Each structure stands twice: as structure tokens, then as C-alpha cells.
Amino acid sequence: MKISTKGRYGLTIMMELAAKFGEGPTSLKSIAEKNQLSEHYLEQLIAPLRNAGLVKSVRGAYGGYILSRDASEITAGDIIRVLEGPISPVDFTEEDDPAKRDLWLRIRDSIAEVLDLTTLENLVNYEEHGAKENYMFYI
């Protein structure tokens, strides 16, 4: 399973909105400029996110978009399913070998679990584990 630019850029939009949650609306233009993305493409992605109830639009001179609920309540799975459709590594049929079918189901369930346990809050507050520590060497 490969996440397309729709899913990746949609996650970028949502992370930007989560980072500014409570500060008022954020324009797609500012998100596009900050991340060097096409504003027109982001406009196409925001519509399904709004229709799914994940974001709200605010009209006016200082308008833009805000999350419809707290970043801790929106998961990566919510966003990916809206933009990419159902999470499945393959289209399996009833004819598939039972062992292979079980494998595809376990892969699907594992991916879904990671996406559903990862909130926007987790992504915005991410700190790299195992980052290089500053060592002092004495000679």
C-alpha cells in the first residue's frame, strides 16, 4: 500500500491546522507557501476533509480553515480514509488462498491500527526518538 500525494498533502494541511489550533483560521495560501505546495491542489483536498467534518471553513478577510475538533480527537486514519479510501494492501477475493488472505488481513489491520492510534496531536508534538546525542570527546 502506498499513500499518494492526496494523503500526504492532506496530512500536511491537517498538521498545520493542528499546530495553529485555537489561534484562529489558517489560509490555504499560507500552508501552500510554507510547505512549497500548490494552493490549487490543497483547495481540492480541503473539500473532502470539510465534507467529512474534520475541518470548518471561516469566510471573510481573515478567513481560512480550522479543525472541527481538538487535534487529540482526529487520527491519521480519519484523514487517510477520507482522502485515499479504505485501507487495504490488496483487493482480495474469495478465491485467494486462506493463508494469503490471512496475511493480507493482518497487514491491513496492522496499518489501520498504527493510523488509528496516531493523532494529529502526536504528529504535531513529535520528537525523534534515538536522536543523536551531543557527545564530548576528550583527547
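Please refer to the structure higher up on the page.
What you see is a predicted model; the values in this text were computed from it and never measured.

(A) Seen up close, the pattern of salt bridges. Applying the stated criterion across every chain yields a total of five salt bridges. Here D78 ties to R69 by a salt bridge, and the two come within 3.8 Å at their closest N and O atoms. Looking at R69, the relative accessible area reads 30%, which means it is partly exposed.

(B) Geometry of the nonpolar core. With 26 residues, the main nonpolar core has M14, L67 and I79 as its most contacted residues. Every element with two or more residues in this core is listed here: α1 (5–19), α2 (28–35), α3 (39–51), β2 (64–67) and α4 (76–84). Sort the elements by how many residues they give to this core and α1 lands first, with five residues. Beyond its immediate sequence surroundings of up to four residues, M14 is in contact with L49, L54, V55, L67, I74, I79 and L120.

(C) Representation of the packing of α4 against helix α5 (residues 98–117). Packing of α4 against α5 brings their axes to within 5 Å, and their N-to-C directions diverge by 120°. Contacts between α4 and α5 involve A76, G77, I80 and R81 from the first element and A112, L115 and D116 from the second. Residues that form the contact of α4 with α5 fall into these classes: four nonpolar, one polar and two charged.

Rules and cut-offs
- Residues numbered from 1 in each chain as written.
- Predicted model: local features only at pLDDT ≥ 70, side-chain atom pairs only at ≥ 80, totals over all residues.
- Heavy atoms only, no water.
- Salt bridge = Lys/Arg side-chain N within 4 Å of Asp/Glu carboxyl O.
- Buried < 20%, exposed > 50% of the residue type's maximum accessible area, 1.4 Å probe, protein only.
- Core = buried A, V, L, I, M, F, W, Y, C linked by side-chain atoms within 4.5 Å.
- Helix = DSSP H or I, 4+ residues; strand = E, 2+ residues; numbered from the N terminus.
- Contact = heavy atoms within 4.5 Å.
- Axes fitted to C-alpha atoms, helices over the stretch in contact; angles between N-to-C directions.
- Nonpolar A, V, L, I, M, F, W, Y, C, P; charged D, E, K, R; others polar.

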